[in-house]
Amino acid sequence: MRVSIQGRTLELALGDITDQEVDAIVNAANSQLAGGGGVDGAVHRRGGRTIMADTTKRYPGGCPTGSAVISTAGDLPARFVIHAVGPRWGGGQSGEAKLLESAYRTALGLASEHGCASVALPALSCGVYGYPIDEASRIALATTQSFLEQDPNVQLARFVLFSEGMLGAFSAALEELSS
Ligand code: ADP
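Now for a look at the structure at hand. (Residues numbered from 1 in each chain as written. Predicted model: local features only at pLDDT ≥ 70, side-chain atom pairs only at ≥ 80, totals over all residues. Heavy atoms only, no water.)

1. Here's the deal with the environment of Pro-122
This is how the line gets drawn: Helix and strand definitions here come from DSSP, where helices need a minimum of 4 consecutive H or I residues and strands a minimum of 2 consecutive E residues; each element is numbered from the N-terminal end. For every residue, the accessible area obtained with a 1.4 Å probe (protein chains only) is divided by the maximum for its type, and the residue is called buried under 20%, exposed over 50%, and partly exposed between those limits. Here, two residues are considered to be in contact whenever any of their heavy atoms come within 4.5 Å of each other.
As for its position among the elements, Pro-122 is in the loop between strand S6 (118–121) and helix H4 (133–150). For Pro-122, a relative accessible area of 3% puts it in the buried group. Pro-122 sits 39 residues away from Leu-161 along the chain, and the two C-alpha atoms are 6.3 Å apart. Beyond its immediate sequence surroundings of up to four residues, Pro-122 is in contact with Ile-17, Val-26, Ala-28, Val-39, Tyr-104, Phe-159 and Val-160.

Given below as structure tokens:
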């Protein structure tokens, strides 16, 4: 599924984010930038050790929840990896929605600052961090839509979902948003 936003594209795809041939891929990182499972495991496995070497050197203090940092993409087809730290779901009363929104917004802003025309994003916080998918998908897509409306650089934002179920949830949210 794909929608056009002032000539820019927001689309949904099923797949593995580490396969994406785009300028930047967004990683679902943790605040220690320590490496983990899910997206992060795949990024470091496929991208090789230079990614961790670069983040350790440039961001020794890690990255706060709700923010993002950028690194080399090592052996991945992308030029950059943007490590975004979404919140861990704790019931919804701990500012999770704002943190998830700012993780996406910061990640997209970094892509723009680095001249990226195309960005692939995962469903931040929807794996081990346990964010309810319906709410997370609405935040992810609304934040990206409003970013694309304002940003001159990013022409394509592609959400890469890892299962049919996730793709279905994101498709429903995108339909709702664009209707
Ligand atoms: P978080 O810790 O932020 O919850 P995870 O990496 O555990 O992040 O999961 C985020 C989402 O990404 C989940 O929906 C998960 O199924 C999905 N996912 C896991 N591996 C990949 C991958 N290689 N490409 C795209 N999505 C992935």
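2. Structural notes on the nonpolar core
Our working rule: Within this scheme, the nonpolar core is defined by two criteria: the residues are buried Ala, Val, Leu, Ile, Met, Phe, Trp, Tyr or Cys, and they are joined through side-chain atoms within 4.5 Å.
Formed by 46 residues in total, the largest nonpolar core has its most connected members in Leu-10, Ile-82, Phe-159 and Phe-170. Ranked by residue count, the leading element in this core is helix H3 (residues 96–113), at 7 residues. Non-local contacts of Ile-82, meaning those with residues more than four positions away in its chain, are made with Ala-24, Ile-25, Val-26, Asn-27, Ala-68, Val-69, Ile-70, Ala-107, Leu-110 and Ala-111. Ile-17, Val-43, Ala-73 and Leu-76 belong to the second largest nonpolar core, which has 11 residues in total.

3. A look at the pattern of salt bridges
Note the cut-off: We count a salt bridge whenever a side-chain nitrogen from Lys or Arg sits within 4 Å of a carboxyl oxygen from Asp or Glu.
Per the counting criterion, the structure on display carries 6 salt bridges. The partner of Arg-58 in a salt bridge is Asp-54, with the nearest N and O atoms 2.9 Å apart. With a gap of 4 residues between them, Arg-58 and Asp-54 both fall in helix H2 (residues 49–58), about one helical turn apart. Exposure remark for Arg-58: the relative accessible area of 42% places this residue in the partly exposed category. Across the salt bridge formed by Glu-101 and Arg-105, the nearest N and O atoms sit 3.6 Å from each other. Remark: Arg-105 and Glu-101 occur in helix H3; sequence separation between them is 4 residues, near one turn of the helix.

4. Remarks on unusual backbone geometry
One non-glycine residue with positive phi stands out, namely Gln-6, at about 50°. Inspection of the secondary structure puts Gln-6 in the loop between strand S1 (2–5) and strand S2 (8–14). Positive phi outside glycine occurs at Leu-33, with the angle close to 50°. By secondary structure assignment, the location of Leu-33 is in the loop between strand S3 (24–28) and helix H1 (38–47).

5. Let's talk about the site of the ligand
For clarity, the cut-off: A single heavy atom is enough: if one lies within 4 Å of a molecule or strand, its residue is considered near that molecule or strand. Between N or O atoms, a polar contact is any pair within 3.5 Å; within protein, one atom must be a potential hydrogen donor and the other a potential acceptor, and residues adjacent in sequence are included only when both atoms are from side chains. The method behind every accessible area is Shrake-Rupley, applied with a 1.4 Å probe, and residues are considered shielded solely by the protein chains displayed. Under the scheme applied here, ten amino acids are nonpolar (Ala, Val, Leu, Ile, Met, Phe, Trp, Tyr, Cys and Pro), four are charged (Asp, Glu, Lys and Arg), and all others, including Gly, are polar.
Taken together, 17 residues are adjacent to the ligand, and Asp-16, Ile-17, Val-39, Ser-125 and Gly-127 come closest. In the model, an oxygen atom of the ligand is placed 2.9 Å from a nitrogen or oxygen of the Val-39 main chain. A distance of 3.5 Å separates an oxygen atom of the ligand from a polar atom in the backbone of Cys-126. Look at the ligand: alone it shows 570 Å² of surface, and the protein chains cover 89% of it. At 3 residues, H1 tops the list of elements feeding residues into the shell around the ligand. Here the residues of the shell around the ligand are counted per class, giving 12 nonpolar, 4 polar and 1 charged.

Nothing here speaks to function; it is all geometry.
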